[in-house]
Amino acid sequence: MQVLCLGVGEACDSRHGNTSALITTKNSTILLDCGFSVPHRFFGYCDEPDCLDFVWVSHFHGDHFFGLPLLLLRFWEMGRHKPLQLIGQQELEEKSITALELAYPGFAEKLSFPLQFHTITPGSPLLIEGLQLQAEQSAHSQRNYGLLIDDGIHRLYYSGDGRPTAKSRRLIHGCDLALHEAFTLHNSVPGHGSINGCLQLMEDENIKQLALLHIERTTRQVQKTAIEELLKQHPGLLLPKDGELIILN
Ligand SMILES: [Zn+2]
Ligand SMILES: [Zn+2]
């Protein structure tokens, strides 16, 4: 499994793209979240129309979801015909069509490829094209699902936004890599995770590697030295850059 970190920033970070990753497994490619800035970054790596199989939407905040109309527009422009599968919580279909209609009125009817929507329910794994997907709700201001992807070889967890909950910890436990939001250094913003919270999570849940994403932009600068020190002390803790590739062997 390969993880291309398309963006590592939070909603308002002008130096880093919105948090998103492109996952490549043996048989599929999955885009994790599609915020405002994601399509431009994604198409920097993808130049053929059928390059993507799935889009996962953790929740409907703009930095995770509002890039979807542009993603679809560009695939249409490239002449895509292969179905695109969108996976997320209830109302994903209605909200996606609404976002598309607001961005480009009448465009949904012109799409040259089918959109296939899959609703995931906590506690019910979704088996799709050789992948097992499981979701649980995190503690965030809007319902957000953390996602566990198991391709039979590796287990990858992607938090979207929010702190871990007792239920999401069960998915996170023992995973090979967690991509986790860490908004601040300590747990100082309700509904968001933190770097220290992630460190504790790594230890409690026996996570092999954890990549810190979605760091609040001022924290990233002001706490640079403290963060670098933590990275030195904890070899499994990662601070990926935009465009960084993480390979799970
Ligand atoms: Zn959010
Ligand atoms: Zn966010």
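Structure's up top.
Residues numbered from 1 in each chain as written. Chains lettered and ligands numbered in written order. Predicted model: local features only at pLDDT ≥ 70, side-chain atom pairs only at ≥ 80, totals over all residues. Heavy atoms only, no water.

1. Considerations on the coordination of the zinc ion (ligand 2)
Then, number 1: Taken together, D63 (OD), H64 (NE2), D161 (OD) and H214 (NE2) make up the full set of protein donors to the zinc ion (ligand 2), lying 2.1 to 2.3 Å away.
Then, number 2: Geometry at the zinc ion (ligand 2) is irregular, judged from the four donor atoms that bind it and their angles of 87 to 159 degrees at the metal.
Then, number 3: The sequence pattern formed by the donor residues of the zinc ion (ligand 2) is D-H-x96-D-x52-H.
Then, number 4: A separation of 3.8 Å is found between the zinc ion (ligand 2) and the zinc ion (ligand 1), both of which receive a donor from D161. Of this pair, H64 sits in helix α2 (residues 62-65) while H214 sits in the loop between β12 (209-213) and α7 (217-222), and the two are 150 residues apart along the sequence. (Donors = N, O, S within 2.8 Å, 3.2 Å for Na, K, Ca; no water. Tetrahedral: all angles 85-135°; square planar, octahedral: opposite > 155°, others 65-115°. Helix = DSSP H or I, 4+ residues; strand = E, 2+ residues; numbered from the N terminus.)

2. Observations concerning the layout of surface pockets
Then, number 1: The calculated volume of the largest pocket comes to roughly 340 Å³.
Then, number 2: Residue lining of the largest pocket: 15 residues in total, with H16, R220, K224, E228 and L239 positioned closest to the centre.
Then, number 3: Residue assignment for the lining of the largest pocket shows that the elements contributing at least two residues are α7 and α8 (224-233).
Then, number 4: Among the elements that line the lining of the largest pocket, the one with the most residues is α8, at four residues.
Then, number 5: Residue classes in the lining of the largest pocket are distributed as five nonpolar, two polar and eight charged. (1 Å grid on protein atoms, 1.4 Å probe; cavity = no way out; pocket = protein on both sides within 12 Å on 5 of 7 lines; lining within 4 Å. Points joined across faces, edges and corners; volume = space filled by probe spheres on them. Nonpolar A, V, L, I, M, F, W, Y, C, P; charged D, E, K, R; others polar.)

3. Some words on the packing of helix α3 (residues 68-77) against helix α4 (residues 92-103)
Then, number 1: Two elements in contact, α3 and α4, have axes whose closest approach is 9 Å; the angle formed by their N-to-C orientations is 75 degrees. Classified by the interaxial angle, the pair formed by α3 and α4 is roughly perpendicular. Across the interface between the two elements, L68, P69 and L72 of α3 pack against S96, A99, L100 and A103 of α4.
Then, number 2: When the residues that make up the contact of α3 with α4 are grouped by side-chain class, the tally is six nonpolar, one polar and no charged. (Axes fitted to C-alpha atoms, helices over the stretch in contact; angles between N-to-C directions. Parallel < 35°, antiparallel > 145°, perpendicular 65-115°, else oblique. Contact = heavy atoms within 4.5 Å.)

4. Examining the coordination of the zinc ion (ligand 1)
Then, number 1: Around the zinc ion (ligand 1), the protein supplies H59 (NE2), H61 (ND1), H140 (NE2) and D161 (OD) as donor atoms, at distances of 2.1 to 2.3 Å.
Then, number 2: Considering all four donor atoms around the zinc ion (ligand 1), the spread of angles at the metal, 93 to 160 degrees, places the coordination shape in the irregular class.
Then, number 3: All donors of the zinc ion (ligand 1) belong to a single chain; written as a sequence motif, their spacing is H-x1-H-x78-H-x20-D.
Then, number 4: Exposure remark for H59: the relative accessible area of 0% places this residue in the buried category. (Buried < 20%, exposed > 50% of the residue type's maximum accessible area, 1.4 Å probe, protein only.)

5. With respect to the environment of G236
Then, number 1: You can see G236 is positioned in the loop between α8 and β13 (237-238).
Then, number 2: A relative accessible area of 15% means that G236 is categorised as buried.
Then, number 3: Taking the C-alpha atoms as reference, G236 lies 27 Å from V55; in sequence the two are 181 residues apart.

6. So, empty space enclosed by the protein
Then, number 1: Evaluated as defined, the whole model comprises one cavity of 30 Å³ or more.
Then, number 2: Quantified by volume, the largest cavity comes out at close to 40 Å³.
Then, number 3: What lines the largest cavity is I30, F54, W56, I87, L131, L133 and L147.
Then, number 4: Among the elements of the structure, β4 (54-57) and β8 (131-137) are those that each provide at least two residues to the lining of the largest cavity.
Then, number 5: Residues belonging to the lining of the largest cavity are distributed by class as follows: seven nonpolar, no polar and no charged.

7. Thoughts on the pattern of salt bridges
Then, number 1: Applying the stated rule across the entire model yields eight salt bridges.
Then, number 2: Of the charged contacts in the structure, one is a salt bridge between D242 and R41, with a shortest N-O distance of 3.2 Å. One end of the pair, D242, is in the loop between β13 and β14 (245-247); the other, R41, is in helix α1 (residues 38-43), and 201 residues separate them in sequence.
Then, number 3: We classify D242 as partly exposed; its relative accessible area is 23%.
Then, number 4: One salt bridge in this structure joins D53 and K82, with 2.7 Å as the shortest N-O distance. Pair noted here: D53 is in the loop between α1 and β4 and K82 is in the loop between α3 and β5 (84-88), with a separation of 29 residues, a long-range link.
Then, number 5: We classify D53 as buried; its relative accessible area is 11%.
Then, number 6: Its relative accessible area of 28% is what places K82 among the partly exposed residues.
Then, number 7: Among the ionic contacts, a cluster of salt bridges with common partners joins R169, D204 and E205. (Salt bridge = Lys/Arg side-chain N within 4 Å of Asp/Glu carboxyl O.)

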